[in-house]
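This is what each chain is made of:
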Amino acid sequence: MQQVLSKLFRARPGEWGAVLMLQLLVFLIICTLLIVKPTASALFLSEYGAIGLPYIFLATAVLAAVVSTGYSAALRRYSLLRVSFISLVVCLGILLTCSIFMRIPLARPTIAVVLYLWTAIFGVLAASQFWMMASFVFDVRQAKRLFGLIGAGAIAGGIAGGYITSLLAQEIGARNLILVAATLLVPCLILTVIIWRRYVVRKQSMISRKKKSNAGYEAPHRLIFASKHLLLLCGIVALSVIVAKLVDYQFSVLAAERYGDQDRLAGFFGFWYSTFNIVALAIQLLLTQRVVQGIGVSGALLFLPIGLGIGAVTMLFMPGLSAAIFSRSIDGSLKQSLSRASIEMLFLPLDEDTKKKVKTYIDVFIDSLAGGLGGLLLIGLTQFMGLSAPSISWFVLILVAVWMLSVIMIREEYIEAFRAQLSHLKPKEHRNRLRSHHRKVMAGFLQVLEEGQMSTHEKQLLYVLERADDLSNSTFREPIARLLTHPSPNVRARALRSLYLQPGTELVDEVTPLLSDADATVRSAAFDYLFSRTESVGKDVLEPLLDDPDPDIAGAALVSLATETAGNSFSRKQWQVSQRLRRRIRELREVDSAKRHQWYVYLLKASGRSQLATGRSFIQRCLLLEDEEILRYAILAAGESQHEDLIVPLLHLITHPEVRPLAINALVQYQGGLLALIPGLIASGELSITEVRRLPTVIEKIDRQQSIDILLSLTERFYPNDLALRMEVIRALNAVKRDFPKRNMPTKTIYRQIVTEARNYESMQEQLSGQLILLQFGRSEEELVYREAFASLIRQRMRATFNRLFRLLGLRYPPADIIPVHLALNDDLVSIQISGIEFLDNLLELSLKRLIIPLLDRRQRQLQGNGELLETEVDLIDLRRQEFKYLKRILRGRDDRLKIAALRVISTLDDPEFIPVLDYFIASDTDNNQVRMVAQEALEELRVSLSSVEV
C-alpha cells in the first residue's frame, strides 16, 4: 500500500509521517478559519449592516500590515516555534474571550468587529508560519515533490470548515461555533510542538537556523519601482484585490437583505465558501495545468477579469443575489486556482534573491494596501455618491478593463524578464528566440531536443536541457530520454539530471548500462538516477553495487546513496548508510595504495553529502592531512556538509596559499551561518590575527547585509588599530558594493571612517613636513639616517592611508567618479592632478570638501616640490615641541614598525624629556619583545649621550 501511495503522490518511505502531520495541521488551521469567517461575516452584517463593510475593509488592511510587520520583526529575535505557539495561543484566547462576551448583548457590536479582524489576521499569520515550518521540515528537493500534496490538506480544511458552519450554524448558534473553532486550535498547538521537535530540531543545525534569522533589512519597494515587470505584477495583484472587495461587498449586502437572521446568514456563507473551495479544487486538478500550457501565463490571467466582467454585466441587467453569487463564485474559485497559479508563474523569471525580497512584500503588504484602497473606494461610492450594491458594477467594469490592459502589457515583460535572467547562459546570436509567445518558445525547445540526438551543437542542447528543468513539460521526456545515447558525455550526463527531476520517467533498463560509461560524470548521474528510484530498481540490484570491489562502482554508488538519503532518516536507517560509510572508512588501512586515493575521494564526497557525524569526523581528520590532493577534496566536502564544526578548520586553512581559493569557496557556501559564528570565534580568540586578516576575502563574497556589518566590526570593534586588516576590510567593502550594489552601506559609519582617515592623513602630512625640515638641521650623521628612514616610513603609511581614504570615498560616492580621481591624483602630470582635485571639489559634500580638498592641495604641492616643503620661517623650538608630542602618540599606538623608527630617532635627540617616557614604555607589557628591546637600547644610548654632554 505504501509503495502505491509513494508512486501516486511521490512521497517516499520515511516522509509520510511528516506529510500527514503537516496535512492535518493545515487542515485544522484552514478549517478553523472557515468556521469563524462566515460566522464573523454574518455577525458583523447583523450588527452594522452593509454600511460598515467599507470601514472594516479599511481597518483590516491597516491592521494586517501592522501585524505582518511585527510578526516579521519577532521572527528575527525568536524561534519560529516560539512565535507560532504564542500567536496561536493569542488567537485561541481571543476566540474564547469572544465566545464568553457574546452572551452580553452590549458587547456584541465589539465582538463583531473583533471577530472580523481576527479572521483577516489569523489568515495572514497561520498560513505564513505554517509554510515556513514546512520549509524547515523538508529541503528544496523534497518540497518540490510534497508541497502540492500537503496543500491538499488546506483545500480540504476549507471545504470541511465551510460545510460545518453551514450545517451547524442554525442548530448550535454562532457562539458555539466559535467554541468549536477554538477547540480545533488546541490540537494545532500540540501538532506545532510535535512537528518542530520531531522533524525540525533533529534536522536543522545551528547554522541553518541562523541562516534564516540573520537576513538583513531590504527595501523591496525600490526593486519594484525599478522594474516594469514588478510594477505591472503589483498592479494586477492590487486590482484583483480591489475588485474582489467590491464583489464581496455586493455578495454580503444582497445576502444580508435576503437572510436577516444571523445564524441563517452564517449557514449561507459557510455553504458557499465551501462550494467555492470545491470548485477551486476541481479547477486546480483538472484545468490549471492544461490552460497554462495551452494559452500561456497571460492568457490564463485573463480568465478571472473576464469572468468578473461578465458577472458585473449580469448584475447590471439582472440585479439580485443570484448574480452576486455568480460573481463571487468566479472570484472564489478562479482566484485560488488558475489565477493564483498564473501569478506564481510571474515570479519565475526573477532571480532567487529578488524573489525572496519582493514576494512576501507583494503577497502581504500590497494585498493589504489594496484592500484598504478598496474600502476607501466603497466608502466614496456608497456613503458619498449613494450608489446601490448593483450600481457598483459600473466601477467593477472600469477596474476590470484596466486589469485586462495590465495583463496584456505584462505578457512581453514576462518574456523580457525571462530573457534577462538567462542572458548570461544563452549564446548571443540566439537571444531573440524568446521574443515570441510562450507556446512558441516551448515548441522551439522541443524541436531542438527532437533534433538533438544527431546534433553536434553541444552548447545549444545543454542550454535547452537546463531550461527544460524549469518548464517541466511532460512532452520533453521522450526526446530527453533519447539523448542518453548522445555522443557527448556532457549531454548524456545533463539528460540524466533532467530525467532525474521529472516524475514518471522510469528508465531503469536504459540507465543501467550507463553505470559502465567511460565518463565519470555520466556514471555519477546514472547512480543518482537509480538510487532516486529504489522502489523501481530494488535492493537486490543496488546492494551488489555498494559492495563491489571496484571503488569507481562502489564509491560512486555510496555517494549517490548518501545524497539521496541525506534528508530522510528512515531511508538512512533502512540502507544502513552510517554503517556502510564507517566500514569503508575503517577498511582504508587495508586497501592498497593504488586504490586508497580513489576511496578517499569517494568517501569524502559521501561524507560531505550524508550529513552524518561519521562523515563529519572523517572530514575533520582529512583536513589535517598533508596530502594536498586529499586535502582539496576534504575542503570541498566540508563546504558541502555546511556543519558548524568544520568552520574553524576551514578558517585555519585560508592562510595556506596552495588551498586558499578552495577554502574560501567552501566557507562562502555557509553564507549566513558563517557570518553568525565569526564574531564569537574572534571574541574567543580561536582565530589568529593572520587568519582574521584573510576573513574579508571570504566575507566579501557573501551577499548579505550582515557581511557589511561584520566587516565594519572587524576594524571598529575587534582590531581598531590593525592597518593591514583595515585595508583588507575597506577593499572588501568596495568589492561588496561592486558585486552586490543593492546592499545598503551605513552612510554614517562610512562618513566617520572617511573623517578618521582624512585626519590621520593630515597628521602624517604635518609630521612629514616637520621631519623634512628637521633633516636640514641634523646634528649627527646617525640622526640624519634615522630621520630619513622615519620620513620614508611615514610616506609609506601616507600612501596606504591615501588609498584607504579613496576606497572609502568609493563607498559613499559613485565608484565611476572616484576611481578616475584617484588615478588622476597619482598621475605624473601636474595638470591632471589639478583636474582631479577640481572634479572632486565639485563632487564632495561641503563638510568633506572642507576637510579633504586642503589635504589634496597640500599633497599636490609636496609632489610638485619633490617632497620638500618651502617654509620661509622655521621655529625650531616649537617644531621640536610638536615632534615630542607626536612621538609620544606613536609610542602609545599599535604600529610596531613606526614605533621602532620613532625610537631610533629618539635615541639621537639628546633630549632628557624622553627618559621618563621611555622608562614608562619599557615597564609596560603591552608591546612585543622586539619593540621593548629597541626601547631599552634607545634609553641606554640616550643616557650615554646625555652623560657625555654633561661632562
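Computed from a predicted structure; not experimentally measured.

### A word on the overall build of the chain
Helix and strand content of the chain: 44 helices and zero strands. Per-residue burial over the chain gives 51% buried out of 951 residues. Once local pairs closer than 6 in sequence are excluded, the contacts in the chain between residues at least 24 apart make up 75%. Here the chain displays about 43900 Å² of accessible surface, and carbon together with sulfur accounts for 58% of that area.

### Comments concerning empty space enclosed by the protein
Per the stated rule, a full pass over the model turns up six cavities of 30 Å³ or more. There is about 50 Å³ of room inside the second largest cavity. For the lining of the second largest cavity, the secondary structure elements donating two or more residues are α2 (16–48), α4 (80–101) and α5 (108–137). Here the element with the most residues in the lining of the second largest cavity is α5; it accounts for four residues. Considered class by class, the residues forming the lining of the second largest cavity number six nonpolar, three polar and no charged.

### Describing the packing of aromatic side chains
For the structure on display, the rule yields six aromatic pairs. With centroids separated by 5.3 Å and ring planes inclined at 50 degrees, the aromatic side chains of Phe44 and Tyr116 adopt a geometry described as tilted. Here Phe44, found in helix α2, pairs with Tyr116, found in helix α5; they are 72 residues apart in sequence, far enough to count as distant. Residues Phe44 and Tyr116 agree in their burial class; the two are buried. Here Tyr600 and Phe618 contribute two aromatic rings whose centre-to-centre distance is 5.8 Å and whose plane-to-plane angle is 15 degrees, an arrangement assigned as stacked. Residue Tyr600 is located in helix α27 (residues 593–610), and its partner Phe618 is located in helix α28 (residues 613–622); the two are separated by 18 residues in the primary sequence.

### Focus on the nonpolar core
Core analysis: the biggest nonpolar cluster contains 154 residues, and Leu623, Phe790 and Ile852 have the highest contact counts within it. The element contributing the most residues to this core is helix α37 (residues 781–812), with 11 residues. Excluding anything up to four places from it in sequence, Leu623 contacts Leu631, Ala634, Ile635, Ala638, Leu646, Pro649, Leu650 and Leu653. Counting 98 residues, the second-largest nonpolar core is a separate cluster that includes Leu28, Ile111, Val241 and Val396.

### Looking at the packing of helix α41 (residues 876–891) against helix α43 (residues 914–923)
Between α41 and α43, the shortest axis-to-axis distance is 11 Å and the interhelical angle comes to 5 degrees. By the angle between their directions, the pair α41 and α43 is classed as roughly parallel. For the pair formed by α41 and α43, the contact residues are Phe884, Leu887, Lys888 and Leu891 on the first element and Phe914, Val917 and Phe921 on the second. Taken together, the residues of the contact of α41 with α43 break down into six nonpolar, no polar and one charged.

### Concerning the confidence of the model for the chain
Overall, the prediction assigns the chain a mean pLDDT of 77, with 78% of residues at 70 or greater. When the elements of the chain are averaged for pLDDT, helix α7 (residues 206–213) gives the smallest value, 44, and helix α33 (residues 689–699) the largest, 93. In the model, residues 205–217 has pLDDT below 50 throughout and makes 30 contacts with residues more than four positions away in sequence or in other chains. Contacts for the low-pLDDT stretch residues 421–442, under 50 throughout, to residues beyond four places or in other chains number 36 contacts.

### Description of a nonpolar patch on the surface
A cluster of nonpolar side chains, contributed by Ile100, Phe101, Ile104 and Leu106, occupies part of the molecular surface with about 430 Å² of accessible area. In this fold, Leu106 is placed in the loop between α4 and α5.

### Digging into helix α32 (residues 672–683)
α32 sits mainly inside the fold: nine of its 12 residues count as buried. When we look at burial in α32, the residues that qualify are Gly672, Gly673, Leu674, Leu675, Ala676, Leu677, Ile678, Leu681 and Ile682. At the exit of α32 stands Gly685, carrying a positive phi of roughly 80 degrees.

### Section: the layout of surface pockets
Counted as a void, the second largest pocket has a volume near 690 Å³. Around the second largest pocket, the lining is made up of 25 residues, and of these Asn721, Leu723, Arg726, Asn760 and Arg804 lie nearest the centre. With eight residues, the single largest contributor to the lining of the second largest pocket is helix α36 (residues 747–774). When the residues that make up the lining of the second largest pocket are grouped by side-chain class, the tally is seven nonpolar, eight polar and 10 charged.

### Concerning the state of the cysteines
If you walk through the whole model with that rule in mind, you get zero disulfides. Free cysteine Cys188: the closest other cysteine sulfur is in Cys31, separated by 9.1 Å.

Conventions and cut-offs
Residues numbered from 1 in each chain as written. Predicted model: local features only at pLDDT ≥ 70, side-chain atom pairs only at ≥ 80, totals over all residues. Heavy atoms only, no water. Helix = DSSP H or I, 4+ residues; strand = E, 2+ residues; numbered from the N terminus. Buried < 20%, exposed > 50% of the residue type's maximum accessible area, 1.4 Å probe, protein only. Contact = heavy atoms within 4.5 Å. Areas by Shrake-Rupley, 256 points an atom, 1.4 Å probe, with all protein chains shown as cover. 1 Å grid on protein atoms, 1.4 Å probe; cavity = no way out; pocket = protein on both sides within 12 Å on 5 of 7 lines; lining within 4 Å. Points joined across faces, edges and corners; volume = space filled by probe spheres on them. Nonpolar A, V, L, I, M, F, W, Y, C, P; charged D, E, K, R; others polar. Phe/Tyr/Trp six-rings, centres within 6.5 Å; stacked < 30°, edge-to-face > 60°. Core = buried A, V, L, I, M, F, W, Y, C linked by side-chain atoms within 4.5 Å. Axes fitted to C-alpha atoms, helices over the stretch in contact; angles between N-to-C directions. Parallel < 35°, antiparallel > 145°, perpendicular 65-115°, else oblique. pLDDT = per-residue confidence, 0-100. Patch = residues over 30% accessible without salt bridge, like charges linked within 9 Å, V, L, I, M, F, W, Y side chains within 5 Å. Salt bridge = Lys/Arg side-chain N within 4 Å of Asp/Glu carboxyl O. Disulfide = S-S within 2.5 Å.

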